[in-house]
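# Close look at the chain arrangement
As a plain string of letters, each chain reads:
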Amino acid sequence: MKLSNEGLSNKSQWEEKGYAVPAYERAAVTEATKAEPVWLHLGAGNIFRAFPAMLNHRLLNEGKMDKGIIVGEGFDYEIIEKAYRPFNELSLLVTLKADGSVDKTVVGSVIESLKMDSSNEEEFSRLKDIFTASSLQMVSFTITEKGYSLVNARGEVMPDVQEDFKNGPKQPVSYMGKLTALLYERYKKSADPIALVSMDNASHNGALLQQTVTEFVDVWSKEGLVDDGFRDYVGDSTKVAFPWSMIDKITPRPDSDVQEILKKEGFEDTETIITSRHTYTAPFVNAEEAEYLVIEDTFPNGRPPLEEAGVIFTDRETVDKAETMKVTTCLNPLHTALAIYGCLLGHTSIHEEMKDDELTALIEKIGYQEGLPVVVDPKILDPEAFIDEVINVRFPNPFMPDTPQRIATDTSQKLSIRYGKTIQSYLASEDKDVSELTFIPLVLAGWLRYLMQVDDKGEQMELSPDPLLEELTPVIGTIKLGDDNRDQIADIVRPILSRSDIFAVDLYEAGLADKVVNYLVELIEKPGAVRDTLKRALS
Ligand SMILES: NC(=O)c1ccc[n+]([C@@H]2O[C@H](COP(=O)([O-])OP(=O)(O)OC[C@H]3O[C@@H](n4cnc5c(N)ncnc54)[C@H](O)[C@@H]3O)[C@@H](O)[C@H]2O)c1
Ligand SMILES: O=P(O)(O)OC[C@@H](O)[C@@H](O)[C@H](O)[C@H](O)CO
């Protein structure tokens, strides 16, 4: 079974092996979409293939849509070259259910893939055509939290952004510069409305995207590099909307066990690819069954009927509460705790970690004891039921090949939303005191311990990529296992713990820094001290 238009022509061969194939005529969908594009997605990573592309696929199967998605990739062009185009943009979604059953679906909704590269005339002018189409209703994004940043780890405007600020929309090189330039094309052509929908795990993702685009527009307007009306167009929510969203579906990197199963069944395109920019991709994607997508319903040019595929459309306030519930309390903080301590304790699987008494106790304390009491109920999803499903069903799913190493990627970018929000809620609360927090400081101390690049056995440990590693590891590297001079350790970590860009608060001002330092001193005592500290803290 080959993943290509030709390979799919023999449908019965796939169906006999239990692979669901598109029920729609893909050539017709391709033609219709190219003529009148409706949905462009930027960020061709794993979650896109497993979730948004699958939603569109379902609606195509049911005859509720007749257009597919075009995907653009502006950061890692290898994904397009190696994981999309050789397979006619088809992908195989392997759904690994908690009861052990597996669904295999050939997803055909992505009908074109493009490199968002302004130096490539052919690719970029095709993107301009799509962006200027009146039919285009939404551009969605899964580009990671750091994708929205215009500054580097030191807070300096990145060189490619600086270049774009100076040169205007003609040949942009930065991600957000390219996006804003494409939006400018739409403004110049027709000023038709559009929705730009961030689907990343970032706090108030829509506002973040809006702020970043607006910064570009402001600079270009001020320098006279764009027409005056562009600023009004982007600032008018009836023209350009930035709906907020909450997205949830655990989508690990393509896994070697899944790869083997597929290979044995005769599926030929199982190669996994690690690009030079560290994206883990493949023609197939493996994900869990559970999925939640909540989107603010502001689409000034209309939108696909995604509610018919299970998406919840609501107001901004409810999205905010749902996102806060998931990203700051019921899932992602637990994930990051498992990532940090899992790496330190030598785990390579999330479901195996869920058999580790200390680690399950740790996430239960963080979730039920520290997070849940201050989280606001979004009503559309019940926080307690949600966290129960995460801890009892989703994380322990033995068929899900998720790893602490994947989740540890970019931890510095995630701590502020995953823990900082809860700390802020305690600081603002009348009936809660921040000194009640014990396990969140333990995770923050664990992160500093992780940055030492030495695991709990005392052996060298490779860290997952993170934009702050280069800056922070030399600082933390001056602390050695066995150091016991608390004052000296406190002096070393002080500049880090006071950074509200990392923790959302200055941990000294919040009154939590001493607790973090105390835990760190315990964690570095000797090999085995990470386990001992967890045992003591949780006893
Ligand atoms: N995988 C999941 O379980 C999951 C679930 C919910 C939400 N998300 C969100 O989706 C994001 C992507 O997850 P994924 O599974 O697709 O990851 P992935 O590693 O498969 O893909 C990452 C994507 O982001 C792009 N990217 C990376 N750095 C970028 C940068 N600096 N600028 C612009 N683009 C950049 C990559 O090119 C790629 O398209 C996550 O960071 C998270 O915010 C993921
Ligand atoms: O995708 P990230 O890097 O923001 O975070 C890693 C995981 O916590 C995340 O991908 C979860 O699997 C996801 O948020 C579940 O919906």
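As recorded by an unreviewed UniProt entry, the protein chain carries the name Fructuronate reductase and is attributed to Alkalibacterium pelagium. Word for word, the UniProt comment on the protein chain under Catalytic activity (unreviewed entry) is "D-mannitol 1-phosphate + NAD(+) = beta-D-fructose 6-phosphate + NADH + H(+)".

Inspection of every chain in the model, using the stated rule, returns 33 salt bridges. As a salt-bridge pair, Asp 66 and Lys 67 come within 3.7 Å of each other at their nearest N and O atoms. With a relative accessible area of 49%, Asp 66 lands in the partly exposed category. We note a salt bridge from Arg 316 to Glu 296, for which the minimum N-O separation is 3.1 Å. Taken together, the residues Arg 316 in helix α12 (residues 316–330) and Glu 296 in strand β14 (residues 292–296) connect sequence positions 20 residues apart. Among the residues examined, Arg 316 registers a relative accessible area of 36% and is labelled partly exposed. Overlapping salt bridges bring together Glu 36, Asp 66 and Lys 67 as one network.

Inspection of the secondary structure puts Thr 329 in helix α12. At 3.2 Å, the side chain of Thr 329 and the side chain of Thr 328 are in polar contact. Once residues within four sequence positions are removed from consideration, Thr 329 is found in contact with Thr 324, Leu 334, Gly 367, Gly 371, Leu 372, Val 375, Ile 387 and Thr 422.

The next thing to look at is the sheet that holds strand β10 (residues 245–248). Read from one edge of the open sheet, three strands run β10-β14-β15, paired in mixed fashion. Edge positions in the open sheet fall to β10 and β15 (312–314), since each of these has one partner strand only. If you compare each strand with its neighbour and ignore which way they point, the axes differ by 15 degrees on average. Inspection of the sheet shows β10 paired to β14 by four bridges, in the antiparallel sense. Bridging from a neighbouring strand, Ile 247 pairs with Leu 293 of β14.

For the pair helix α15 (residues 357–371) and helix α24 (residues 529–538), the least separation of the axes is 10 Å and the interaxial angle reads 50 degrees. If you check the angle between α15 and α24, you find them oblique. Crossing hand, α15 versus α24: left-handed. Between α15 and α24, the residues in contact are Glu 358, Leu 359, Ala 361, Leu 362 and Lys 365 and Arg 531, Leu 534, Lys 535 and Leu 538, respectively. Partitioning the contact of α15 with α24 into residue classes produces five nonpolar, no polar and four charged.

The strand order β1-β5-β4-β13 describes an open sheet built from four strands, whose pairing is mixed. Each edge of the open sheet carries a strand with a single partner, namely β1 (19–20) and β13 (284–287). As defined by bridge partners, strand β4 (residues 91–96) adjoins β13 across four bridges and the pair is classed as parallel. Bridging from a neighbouring strand, Leu 92 pairs with Phe 284 of β13. Of the strands in this sheet, β4 and β5 (102–107) are in contact with helix α4 (residues 52–61), which crosses β5 at around 80 degrees.

The rules behind these values
- Residues numbered from 1 in each chain as written.
- Chains lettered and ligands numbered in written order.
- Predicted model: local features only at pLDDT ≥ 70, side-chain atom pairs only at ≥ 80, totals over all residues.
- Heavy atoms only, no water.
- UniProt positions renumbered as here; feature names shortened; annotations may be inferred.
- Salt bridge = Lys/Arg side-chain N within 4 Å of Asp/Glu carboxyl O.
- Buried < 20%, exposed > 50% of the residue type's maximum accessible area, 1.4 Å probe, protein only.
- Helix = DSSP H or I, 4+ residues; strand = E, 2+ residues; numbered from the N terminus.
- Polar contact = N/O pair within 3.5 Å; in protein donor to acceptor, adjacent residues only side chain to side chain.
- Contact = heavy atoms within 4.5 Å.
- Pairing = 2+ DSSP bridges.
- Axes fitted to C-alpha atoms, helices over the stretch in contact; angles between N-to-C directions.
- Parallel < 35°, antiparallel > 145°, perpendicular 65-115°, else oblique.
- Left-handed = near helix turned anticlockwise from the far one by under 90°.
- Nonpolar A, V, L, I, M, F, W, Y, C, P; charged D, E, K, R; others polar.

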